[in-house]
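Residues per chain are reported as follows:
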Amino acid sequence: MSIGLGDYSKYGNILSTIPMKKGTEKIIQAFFGGREDVIIRAPAGTGKTFVAVAYALIEALEGRRTAIFFRTKAELENALGIAKTVIECANISVDRGMIVPLAGRETMCLYGPREFERLPSFARPLYCLVMDCPVRFRRILEAPVIYETLREYRGHISGYKACPYHTLLRLAKDARIIFATHPFFVQDELFRYLGDLDTVVIDEAHSLNIVTYSISKDRYYEGRRIAEEVYGRARQSGERGVVKRWIQENWAFERNKIILFEEYKFFRQRQGEIVFYGEEMIKVLPPRNLLQARREHVGRFVVMSATLYPLGMIKKLWGIQKTVVAGKLIQRTKNRLYVALVIEGLTTRLEKRDARLYRAIASLIRYINRIAPDKLVVVFCVSKDFAKNIADLLGKDVVSDPNKVGSIEDNLIITYARGKLSEGIDAIAGRNPDVVVAIGLPYPAVDKRFLRITRKVAEIIGVDRDQFVRDYMNSEMIGALVQLLGRAGRRKKGLCIIIDERAVIFPDIPFVTNTISLKDVIERFFGG
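A brief report on the enclosed structure follows.

Cut-offs used in this document
Residues numbered from 1 in each chain as written. Predicted model: local features only at pLDDT ≥ 70, side-chain atom pairs only at ≥ 80, totals over all residues. Heavy atoms only, no water. Core = buried A, V, L, I, M, F, W, Y, C linked by side-chain atoms within 4.5 Å. Buried < 20%, exposed > 50% of the residue type's maximum accessible area, 1.4 Å probe, protein only. Helix = DSSP H or I, 4+ residues; strand = E, 2+ residues; numbered from the N terminus. Contact = heavy atoms within 4.5 Å. 1 Å grid on protein atoms, 1.4 Å probe; cavity = no way out; pocket = protein on both sides within 12 Å on 5 of 7 lines; lining within 4 Å. Points joined across faces, edges and corners; volume = space filled by probe spheres on them. Nonpolar A, V, L, I, M, F, W, Y, C, P; charged D, E, K, R; others polar. Pairing = 2+ DSSP bridges. Axes fitted to C-alpha atoms, helices over the stretch in contact; angles between N-to-C directions. Parallel < 35°, antiparallel > 145°, perpendicular 65-115°, else oblique. Left-handed = near helix turned anticlockwise from the far one by under 90°. Polar contact = N/O pair within 3.5 Å; in protein donor to acceptor, adjacent residues only side chain to side chain.

What follows covers the nonpolar core. Ranked by size, the top nonpolar core spans 129 residues in total, and within it Phe-31, Ile-99, Leu-102, Phe-179, Phe-185 and Trp-318 carry the most contacts. The biggest single contributor to this core is helix H3 (residues 48–61), with 10 residues. Once you skip the residues sitting within four places of it in the chain, Ile-99 turns out to touch Leu-57, Leu-80, Ala-83, Ile-87, Val-94, Val-145, Ile-146, Tyr-153, Ile-177 and Phe-179. Core analysis: the next-biggest nonpolar cluster, separate from the first, contains 38 residues, Leu-346, Val-379, Cys-381 and Leu-495 among them.

Dropping the structure here:
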């Protein structure tokens, strides 16, 4: 097979492991067809991650280094599983330490996550410092080959009484393949551990379309005062380690002061341009600027997601001109059917939200639940408040964390868009959703803060502000909708229902205009 860089026929054993689905060939061509940066938009299930992992393995065997950045730990572990499958099926030899996964301290710490989870994410490095952790600098005799879970990596390294987090960071510098979560790409102090990379792949890239950091003005100025005091003391003493000793000696008594100092320092170190919203200071960073900052250490960027839309805006945001589209944003698959219920006046527009609308929606949910009583129905509302109104009418609780669901009553779950349930969770209490119902189109909340941020981004990348705001609103809506609808049909047949009169804007989704027709669709799909 001749693809881009030359003859890859000797890697047919690896390429043959890729499950070929509709659109997969385009994704393979995007990865192997050249060395230029590329944006890949392809629906879930078309093999983006599988191709990326196969590409990383082939690049590693060619002596080149690849890092793939994932939005969640679950997605990272999925990639580890794919890598192990390819290695075994292709019968290739992998050196110890060739593949290194990186996740947060709270996940990898030898002593468990409890103390880290009590701290803000920016302050978690302080815990290692305060503990003066005795295992932080211990070395291990043998690096792991490949495991499928982060827990197994933690177990392997802790067997040497060494710190899994810092051990993997040290191994990353020489690893040919790195699987990491997004912070390791975005944050300078983490990215520096990775060394020079031939290719960086950013999965679920839509979640980095705009990167922001914020702090209140009061906390910023008080943090600055503390920093000036501490650094002034360090300069006067002329000794090394003054700041470290101050933190360790005062952690028990002035923890809030130390955390405020760390928050100020973290904000100061972030890239981006500052905008002000009320008493809040916000740093805004378009991904184009982030890629420019990383370019010194990266040869090529591959940016991929199912929901990079509209492409004109995405190209401007990321500063990449080449795009590959493999499939439609929303398309029927063998296991998944989409249908919209379009009834005039039934919409979640802000001006339409009242008690009458909530009662109508609750009635429709009961109706769907009765039609398919043995199917697990998961309802995604446009917001948490909207979900609360619906749940109250149905006598249910709003589910925010799927990991805390022990059992499911009435085969019905009420939740909301952009919550944990829409972030790639396949099973809830051991069950996969059979029906996903999207109540309304999940546009982002458009307030003055949202407008201040998006207009600043438009200014930075040099596009019309009003057009960019409209495009970004549509992008966020499409992203959230595709993500939540993707919870159905992942392991077995799944039906996706959108309830909103505006759903006619999706040309590829068939719609019905009454509940009788909806019932027919449900019964035909599930064979009723």
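On we go.
In this section: the layout of surface pockets. Estimated volume of the second largest pocket: approximately 370 Å³. Thr-348, Leu-350, Arg-353, Tyr-443 and Pro-444 are, among the 14 residues lining the second largest pocket, the residues nearest its centre. Classifying every residue of the lining of the second largest pocket gives seven nonpolar, two polar and five charged.

The side chains of a regular strand alternate, residue by residue, between the two faces of the sheet. Residues of strand S8 (residues 211–216) alternate between two faces, with Val-211, Tyr-213 and Ile-215 buried on one and Thr-212, Ser-214 and Ser-216 left unburied on the opposite face. The pairing of S8 with strand S10 (residues 280–285) spans six bridges and is classified as antiparallel. Bridge assignment links Ser-216 to a residue of S10, and that residue is Glu-280.

A few words now on the packing of helix H17 (residues 355–371) against helix H18 (residues 384–394). Running from N to C, H17 and H18 point in directions that differ by 60 degrees, and their axes come no closer than 9 Å. When the interaxial angle is binned, H17 and H18 end up oblique. For H17 against H18, the interelement crossing comes out right-handed. The residues of H18 that touch H17, namely those facing Leu-357, Tyr-358, Arg-359, Ile-361, Ala-362, Ile-365 and Arg-366, are Phe-386, Asn-389, Ile-390, Leu-393 and Leu-394. For the contact of H17 with H18, the residue count by class is nine nonpolar, one polar and two charged.

Moving on to the side chain of Thr-72. Among the structural elements, Thr-72 can be located in the loop between strand S4 (66–70) and helix H4 (73–90). From its side chain, Thr-72 meets the backbone nitrogen of Glu-75 in a polar contact 3.1 Å long.

Reading across from one edge, S15-S14-S16-S17-S13-S18 is the order of the six strands in this open sheet, with parallel pairing throughout. The open sheet terminates on both sides in strands that have one partner only, identified here as strand S15 (412–416) and strand S18 (511–512). Bridge count for strand S14 (residues 377–381) against S15 is five bridges, and the pairing is parallel. Across the sheet, residue Cys-381 finds its bridge partner in S15, namely Tyr-416. Those strands touched by H17 are strand S13 (336–341), S14, S15, strand S16 (435–439) and strand S17 (494–499), and its axis lies near 160 degrees from that of S17. Across the face of the sheet, helix H20 (residues 465–485) comes into contact with S13, S14, S16 and S17 while running at roughly 155 degrees to S16.

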